Amino acid sequence: MTFTPLPADLMTQRLALPNGGPVRLLIDTDAANEIDDQFAIAWALLSPEHMQVEAITAVPYSFAHHQPELLAAERAIEAGTTRKEHLVGGFQGWIDRLHAQGRRAADLSFVMPPEGMERSYAEICTIYDKLGMASDGKVFRGAQRYMQTPDDIVDSEAVDTIIHLATQGDAPLYIAAMGCVTNIAAALLKAPEIRDRIVVIWTSAYPSDAPHCNRPSLNLVQDVHAARIIFDSGVPHVYLPGYHVGAQLKISRPEMAAFVKGQGAIGDYLYHLFTHNPLHDMFAISDRERRTWVIWDIINIAWLINPDWVPTMLTTSPVLDVDLYWQTDKTRHPMREAHDVQRDAIFLDFYDKLAAAAAR
């Protein structure tokens, strides 16, 4: 589909920094794939002075795309040959950790997209429950698969919810995208007129001027067709790179014990997630007590609460090429892109919100 560029003044307005007042927010999330989305959802729901969460939509997820490469890398390593891999941390380390535990690549089993979406739906409801908030009419199922072609509309109740809320009221709908963007891309294909009514805030991949392949980004690589729609459609887009930027949002077990555990049912649940991280088993992580974990997706909420915590700049939307590298074209439409985070300020506000909620 060819999208007509939005008027320059409207794009400028949509890409302006939040002014501190509550914005209309829809969260689009793969909440069960690890543990960071749950922190972000809770923080958003505990921040009504900055955002009114009108809906949360579930996103599919799967790590199954790693399996063929992981098996091939294991064979190559055991044969003494080398391979160029595009995975953060490298397949070598992953395979070495599996072998040290007496496991092999073939022993791993991966959730497929339909189950990932259903698990995410259930996890969203769990966060509402732990906060003592009603989720009725707020949580919606999303896509059960990824796009197969550039114009493939993967329909779902999440798509209809995005379109419906985008057309309501006078204020734009902000969409905090915390996973692959299949739901959002489908909404743009189904109802392209909503482009001027929404602002997509998405965290994924590398900075747009980085020379790296974006294949390590789960949020991007699962549905490349959908990712390209976000960068190519001209929808107002606040891009928050995960690597180098969001990756700074690490938290340790001692911090979790001191400032999250014991802060009501939600605090105890988040601590449980931290100490029972499903990706620890998948990636064969040992010595877990001394390791930090990146709470990636809170960067979306941080920017909405205080854009100074996530410094951004205006730039042009990059082209995602066939090999998943960024290509620059200065004639393209603008987007806003983050280049840093204020890690301590972000977590301090999160801790304060948890404590205040527990004290009520």
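Criteria and thresholds
Residues numbered from 1 in each chain as written. Predicted model: local features only at pLDDT ≥ 70, side-chain atom pairs only at ≥ 80, totals over all residues. Heavy atoms only, no water. Helix = DSSP H or I, 4+ residues; strand = E, 2+ residues; numbered from the N terminus. Contact = heavy atoms within 4.5 Å. Areas by Shrake-Rupley, 256 points an atom, 1.4 Å probe, with all protein chains shown as cover. Lys, Arg positive; Asp, Glu negative; His and termini not counted. Charge placed at Lys NZ, Arg CZ, Asp CG, Glu CD. Buried < 20%, exposed > 50% of the residue type's maximum accessible area, 1.4 Å probe, protein only. Pairing = 2+ DSSP bridges. Polar contact = N/O pair within 3.5 Å; in protein donor to acceptor, adjacent residues only side chain to side chain. Phe/Tyr/Trp six-rings, centres within 6.5 Å; stacked < 30°, edge-to-face > 60°. Lys NZ or Arg CZ within 6 Å of the ring centre and 35° of its normal. 1 Å grid on protein atoms, 1.4 Å probe; cavity = no way out; pocket = protein on both sides within 12 Å on 5 of 7 lines; lining within 4 Å. Points joined across faces, edges and corners; volume = space filled by probe spheres on them. Nonpolar A, V, L, I, M, F, W, Y, C, P; charged D, E, K, R; others polar. Disulfide = S-S within 2.5 Å. Salt bridge = Lys/Arg side-chain N within 4 Å of Asp/Glu carboxyl O.

Caption draft 1: Representation of the overall build of the protein chain. Helix and strand counts for the protein chain come out as 14 helices and 12 strands. Considering only C-alpha atoms, the protein chain reaches an extent of 60 × 50 × 35 Å along its principal axes. Considering only intrachain contacts with a sequence separation of at least 6, the fraction spanning at least 24 residues in the protein chain is 79%. Split by element, the accessible area of the protein chain, about 14,700 Å² in all, is 51% carbon and sulfur. Averaging the coordinates of the 30 positive side-chain charges in the protein chain and doing the same for the 45 negative ones gives two points 3 Å apart.

Caption draft 2: How the structure looks around the pairing of strand S12 (residues 334-338). Counted residue by residue, S12 has four buried out of five residues, so it is predominantly covered. With two bridges connecting them, strand S6 (residues 237-241) and S12 associate as parallel partners. Paired with Val238 across the strands is Arg336, a residue of S12. Judged from the five bridges that link them, strand S9 (residues 312-316) and S12 form a sheet pairing that is antiparallel. Bridging across to S12, Met313 finds its partner in Glu337.

Caption draft 3: Highlighting helix H9 (residues 224-232). Every buried residue belonging to H9 is among Val224, Ala226, Ala227, Ile229, Ile230 and Phe231, and all of these are buried. One side-chain oxygen of the residue at the start of H9 lies 3.4 Å from the amide nitrogen of His225, identifying that residue as Asp223. Gly234 sits one or two residues past H9 and shows a positive phi near 80°.

Caption draft 4: Geometry of the sheet that holds S9. Spatial ordering of the open sheet is given by S3-S2-S1-S4-S5-S6-S12-S9, a layout of eight strands whose pairing is mixed. Every other strand in the sheet has two partners, leaving strand S3 (139-140) and S9 as the edge strands with one partner each. Judged from the seven bridges that link them, strand S1 (residues 23-29) and strand S2 (residues 51-58) form a sheet pairing that is parallel. From the neighbouring strand, Ile27 faces S2, where its bridge partner is Ile56.

Caption draft 5: Structural detail: the packing of aromatic side chains. Going through the model one piece at a time under the given rule, you end up with 14 aromatic pairs. Between Tyr243 and Trp296, the aromatic rings sit 5.7 Å apart at their centres with planes inclined by 90°, giving edge-to-face as the arrangement. You can see Tyr243 sitting in the loop between S6 and strand S7 (250-251) and its partner Trp296 sitting in the loop between strand S8 (293-294) and helix H13 (298-305), a full 53 residues away along the chain. For the cation-ring pair, Arg141 lies above Tyr121, with the distance from its terminal atom to the ring centre recorded as 3.9 Å.

Caption draft 6: Structural context of the layout of surface pockets. What the second largest pocket holds in volume is close to 310 Å³. In this structure, the second largest pocket is lined by 15 residues; those nearest its centre are Ser109, Val111, Arg119, Pro278 and Met282. For the lining of the second largest pocket, the leading source of residues is helix H12 (residues 278-282), giving four residues. Among the residues making up the lining of the second largest pocket, the classes are represented as nine nonpolar, two polar and four charged.

Caption draft 7: Looking closely at the state of the cysteines. For the coordinates displayed, the defined rule picks out zero disulfides. For the unlinked cysteine Cys125, the closest cysteine sulfur is that of Cys180, found at 18 Å. Between Cys180, a cysteine without a disulfide, and Cys213, which holds the nearest cysteine sulfur, the sulfur-to-sulfur distance is 18 Å. For Cys180, a relative accessible area of 0% corresponds to the buried category.

Caption draft 8: Structural context of the pattern of salt bridges. Within this structure, the stated rule accounts for 16 salt bridges. Salt-bridge contacts for Asp155 lead to Lys190; the nearest nitrogen and oxygen are separated by 3.1 Å. With a gap of 35 residues between them, Asp155 in the loop between S3 and helix H6 (157-166) and Lys190 in helix H7 (residues 182-190) connect regions that are remote in the sequence. Among the residues examined, Asp155 registers a relative accessible area of 44% and is labelled partly exposed. For Lys190, a relative accessible area of 38% puts it in the partly exposed group. Put simply, Asp344 and Arg343 hold a salt bridge, and the shortest N to O gap is 3.1 Å. The structure contains a network of salt bridges with shared partners spanning Glu49, Asp349 and Lys353.

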